[in-house]
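Secondary and tertiary structure notes
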Amino acid sequence: MAHTEKPTALIMIFGATGDLANRKLFPSLYNLYAKGKLDKFAVVGVARRSLTNEEFQLRVKESVTEHGEAEANIDEFVSKFYYHSHDVTDSSSYIALGKLAEDLDGHYGLDGNRIFYLAMAPEFFGTIAEHLKKDNLTNVSGFKRLVIEKPFGHDLESAKVLNKQIRTAFSEDEIYRIDHYLGKEMVQNIEVIRFANAMFEPLWNNRYISNIQVTSSETLGVEERGRYYEKSGALRDMVQNHMLQMVSLLAMEPPIKLTTDEIRSEKVRVFRALRPITGEAVNDYFVRGQYGKGSMNEKVVPAYRQEEMVDPDSNTETFVAGKLMIDNFRWAGVPFYIRTGKRMKAKSTKIVIQFKDIPMDLYYKPEKTVNPNLLVIHIQPEEGITLHLNAKKSGQGTDATPVKLNYANKGIDGLNTPEAYEKLLYDSLRGDATNFTHWDEVALSWSFVDNISEVWENTKEPSFPNYESGSMGPDAADKLLEKDGFFWWPITEIDVENC
Ligand code: NAD
């Protein structure tokens, strides 16, 4: 599909006084505006409290100034923002919102195009979608699109219910389910690294790759999200969406074209090939952890069970490590290890592709073998690629020594790459759904994850808390790899900046 490069639309943000709108959406929209990427547009902020347009515009201006770089045109930008105080269950409020939308459409010449961005708690998604249809807001002459935040359901069953509700008002290709990892520069780069280089794709299989490790570690604890997190845990919050999405991009077959449908259908095939882990096997393939107290930046931090809104006897995991097997020709026998957690030693998202050892090590010394080749994709905070090779140690002799070829994205461009939200907002405005999750991916990833949560929820983990804040997770996560003859590549030693 050809995408409009300078889209025109009315953008309605539900939850416009919330944290996400304030930290991400307003600054991202401003960046698009400042770069000249928007044609005609207006924004309606929708939330519960009562605010005037002027008060709302001031908040938007403050948000852009605080989280981005506001320039002289900021006043013109915020003049396009309107506010509607709203009760999500009240039809008359939707009818008034519809009237405002029509007025703005006429005033700004927005061609009847509407984006409904739901930056609100997920329990409202279904109600809002149903009202949008019933109260006539989706009856437009242009395009209508629903952009929806995670979590998409709590398990497969609830995700199906939610999907059914939103499908009453929007077709699948009008639904843009956000997984903000898919907006990250280096996650999008996985495809380019794989499919635009002659040297990787021939090696990208079980003949040459021994294992793949995907780590996404946070230093923050649960903060003020205890109420939500208690019901979610790391498996639902991180694995079902972000971690599995990264695995699908690493494992998928080359699409026949770079179109949304072709890429998504290759990703779906990966999810279909994921070996289901059920019952007792869960403990062989997956490890759960919960942080205890510890020290971060020389400050003592509390255990998860001591956090606000958390049960003092909580069984919720704040860390997950797992071994995924993709049972197809390309990947048979290659473990994909994933690990994610809160209160870990460093904030880092990295992918390590470890290649198999050479067939005969000519450089063998009893105390030293040749290091395996690694391709490291640094997703955040630093962005780049490092290729670990072996070369001759300079000077006498023929000893091999590890060397690193390094590409640091930010260092080269000299510019900050656009935020994930900026890219995803732009894609939703242009009608490019490639970097959003299709329902088939959501359903398959929930069915994979549900098998694991079923076991974990029904067995209390006696060892909790089982890792110290500021560590790399429980010992069992190391054992998961040791039993296969591998180990986690330490995330700090393979930093792009250390090279
Ligand atoms: P928030 O609690 O800060 O904001 C919620 C917003 O919803 C507020 O504007 C509030 O006025 C509005 N609201 C609540 N009840 C309402 C009602 N009955 N009628 C009308 N408006 C009502 O939440 P948030 O952190 O901005 O998160 C919003 C969504 O985005 C959630 O689904 C969350 O999981 C998701 N999300 C947030 C972040 C983030 O960084 N904050 C990141 C990823 C996903």
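A brief structural summary. Please read all numbers here as calculations on a predicted model, not as lab measurements. (Residues numbered from 1 in each chain as written. Predicted model: local features only at pLDDT ≥ 70, side-chain atom pairs only at ≥ 80, totals over all residues. Heavy atoms only, no water.)

**Details of helix α14 (residues 475-482)**
Definition in use: When accessible area is computed with a 1.4 Å probe and restricted to protein chains, residues below 20% of their type maximum are described as buried, those above 50% as exposed, and intermediate ones as partly exposed. A run of H or I in DSSP counts as a helix once it spans at least four residues, and a run of E counts as a strand once it spans at least two, with each numbered from the N terminus. The arc in question is formed by the directions pointing from the helix axis toward the C-beta atoms. Throughout, a residue-residue contact means that at least one pair of heavy atoms, one from each residue, lies within 4.5 Å.
The set of residues buried in α14 consists of Ala-477, Leu-480 and Leu-481. For α14, the buried positions fall inside an angular range of 90 degrees around the axis, keeping them on one side. When the buried face of α14 is taken as reference, the exposed residues oriented beyond 90 degrees from it are Asp-475 and Lys-479. In this structure, the buried residues of α14 make contact with β7 (209-217), α10 (281-285), β8 (286-289), β11 (319-325) and β12 (335-341).

**Section: the site of the ligand**
Put simply, the test is: We call a residue near a given molecule or strand whenever any one of its heavy atoms falls within 4 Å of it. We define a polar contact as two N or O atoms separated by no more than 3.5 Å, with the added condition that, inside protein, one atom must be a possible hydrogen donor and the other a possible acceptor, whereas residues neighbouring each other in sequence contribute only through side-chain atom pairs. Using a 1.4 Å probe, accessible areas were evaluated by the Shrake-Rupley method; residue-level cover was limited to the displayed protein chains. Residues are grouped as follows: Ala, Val, Leu, Ile, Met, Phe, Trp, Tyr, Cys and Pro are nonpolar; Asp, Glu, Lys and Arg are charged; every other residue, Gly included, is polar.
Lining the immediate surroundings of the ligand are 19 residues, of which Thr-17, Asp-19, Leu-20, Arg-23 and Met-120 lie closest. The contact in question runs from an oxygen atom of the ligand to an N or O atom on the side chain of Thr-17, over 2.6 Å. Gly-18 has a polar backbone atom sitting 3.1 Å from an oxygen atom of the ligand. Taking 830 Å² as the accessible area of the ligand by itself, protein coverage stands at 75%. Counting residues per element, the shell around the ligand draws most heavily on helix α1 (residues 19-34), which supplies three residues. Classifying every residue of the shell around the ligand by side-chain character gives ten nonpolar, four polar and five charged.

**Side note on the sheet that holds strand β9 (residues 291-296)**
Definition in use: Two strands pair if DSSP finds at least two bridges between them. Fitted lines through C-alpha atoms serve as axes, helices being fitted only where they are in contact, and the angles separating the N-to-C directions of these axes extend from 0 to 180 degrees.
On the basis of which strands lie adjacent, the open sheet formed by three strands has the order β10-β9-β17 and mixed pairing. Among the strands making up the open sheet, the edge pair consists of β10 (299-301) and β17 (467-469). For this sheet, the mean inter-axis angle between neighbouring strands, taken without regard to orientation, is 25 degrees.

**Considering the side chain of Ser-217**
Its location among the elements puts Ser-217 in strand β7. Within polar-contact distance, the side chain of Ser-217 engages the backbone oxygen of Ala-346 at 2.6 Å. In contact with Ser-217, other than residues within four places in its own chain, are Gly-341, Met-344, Ala-346, Lys-347, Ser-348 and Ile-491.

**Thoughts on the packing of aromatic side chains**
Note the cut-off: To pair, rings of Phe, Tyr and Trp, with the six-membered ring standing in for Trp, must have centres within 6.5 Å; the planes then decide the type, stacked if under 30 degrees apart, edge-to-face if over 60, and tilted in the middle. Only Lys NZ and Arg CZ are tested; either one counts as a charge over a ring when it is within 6 Å of the ring centre and within 35 degrees of the ring normal.
In the structure shown here, the tally under the stated rule is 25 aromatic pairs. Ring geometry for Phe-487 and Trp-489: centres 4.8 Å apart, planes at 55 degrees, overall tilted. Take Phe-487: its relative accessible area is 45%, and that puts it in the partly exposed class. Site record: aromatic cluster; members linked through ring pairs are Phe-26, Tyr-30, Tyr-33, Phe-41, Phe-56, Phe-77, Phe-81 and Tyr-83. The ring of Phe-152 carries Arg-177 above its face, with NZ or CZ at 4.9 Å from the centroid.

**What about the environment of Leu-387?**
Its location among the elements puts Leu-387 in strand β15 (residues 384-392). On the basis of relative accessible area, Leu-387 is assigned to the buried category, the value being 13%. Residues Leu-387 and Tyr-407, spaced 20 residues apart in sequence, show a C-alpha to C-alpha distance of 8.8 Å. Not counting chain neighbours up to four residues away, the residues in contact with Leu-387 comprise Met-199, Phe-200, Leu-374, Leu-375, Val-403, Lys-404 and Leu-405.

**What to know about helix α4 (residues 91-108)**
To be explicit about the condition: A helix's residues, less one, multiplied by 1.5 Å, set its expected span.
The terminal C-alpha atoms of α4 lie 26 Å apart, and with 18 residues this matches the ideal 26 Å at 1.5 Å per residue to within 8%. Among all positions in α4, only Ser-93, Tyr-94, Leu-97, Gly-98, Ala-101, Leu-104, Asp-105 and Tyr-108 are buried. Each buried residue of α4 sits inside an arc of 140 degrees when the element is viewed along its axis, so together they form one side. For α4, exposure combined with an orientation more than 90 degrees from the buried face picks out Ile-95, Glu-102, Gly-106 and His-107. Buried residues along α4 sit against β1 (9-14), β2 (41-47), β3 (81-85), β4 (114-118) and α5 (125-134). At the C-terminal side of α4, Gly-109 shows a positive phi close to 65 degrees.

**Quick notes on the environment of Gly-18**
With respect to the helices and strands, Gly-18 occurs in the loop between β1 and α1. A relative accessible area of 26% places Gly-18 in the partly exposed class.

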